[in-house]
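# Secondary and tertiary structure notes
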Amino acid sequence: LNYIKSKTHNMKNFLILFTAFVFFSCTNNEMGYGSIQNEDELSKLTIQIAQDYAKAEFENASKVYSDSVSLLFNSNEVIGKENLINGWMEEHRVFSNISISDEYVHTNTFADGRVWTNYWFVWKGTGNFTGKELEIRAHFDYKWENGKIVRAQGYFSDEDFNKEYAAADGLQKRY
C-alpha cells in the first residue's frame, strides 16, 4: 500500500513539474526572453567567420568585430580586435590543418534588445612542434551591438592547446 501511495505521490510531482515547464515554455517571451533563431544572418555570419578563421582569412572578422571588442577565453581576457586577429595568426603558426566541424549556432534576441549568438563546435588542429593532433569541443557566445561583436566568451579545454604553445616557444599558458 505504501508503494502505491509513493508512486501516486511521485506521479503528482511529475505532473506539477511538467505543467510548470509547459507554462514557462509558453510564456517565456512575455518574461523577457525574446526569440531564438538559427537561420538568421548573425548565425550564418558566425559560421562564416569560423570557417574563414580555419583558412587563416580574417577580412570578414575584421569587419564584424568592434575595434574595442572584449574577449574572454576561459578565464583569460583579450582586449581589441587587433590583439584578437594577431592571436589567430599566432595560432596558425603553432598549429596546421586547423578545421571547424560539428557546428551548431543560434542567435537569441532578448525582449530588452540584447542580441547574443551561441556557437558550439569542434576545433581540430595538428601541433607544428609536437605533431600531436588535437580535437577540442568548444562553446562561444557573441554579444552584438549595432551589427558588431562587442563581447565574446569562449569555453574549451585548453590543456593540450597550452602544451603545444609551451613546445612552440616556451609559453606556459596561452588561454
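Data block above holds the structure.
A brief look at the structure comes next.

Rules and cut-offs
Residues numbered from 1 in each chain as written. Predicted model: local features only at pLDDT ≥ 70, side-chain atom pairs only at ≥ 80, totals over all residues. Heavy atoms only, no water. Helix = DSSP H or I, 4+ residues; strand = E, 2+ residues; numbered from the N terminus. Buried < 20%, exposed > 50% of the residue type's maximum accessible area, 1.4 Å probe, protein only. Polar contact = N/O pair within 3.5 Å; in protein donor to acceptor, adjacent residues only side chain to side chain. Contact = heavy atoms within 4.5 Å.

### So, the side chain of histidine 139
Tracing the backbone shows histidine 139 in strand S6 (residues 133–145). Classification of histidine 139 by relative accessible area gives buried; the value is 16%. Here aspartate 141 takes part through its side chain, which lies 2.6 Å from a polar atom of the side chain of histidine 139. In contact with histidine 139, not counting residues within four places along its chain, are Asn118, Tyr119, Trp120, Gln153, Gly154 and Tyr155.

### Quick notes on unusual backbone geometry
Notably, asparagine 74 is not glycine yet its phi reads approximately 55 degrees, a positive angle. With respect to the element layout, asparagine 74 can be found in the loop between strand S2 (65–73) and strand S3 (76–79). Unusually for a residue other than glycine, asparagine 97 sits at a positive phi of about 55 degrees. In this fold, asparagine 97 is placed in strand S4 (residues 95–109).

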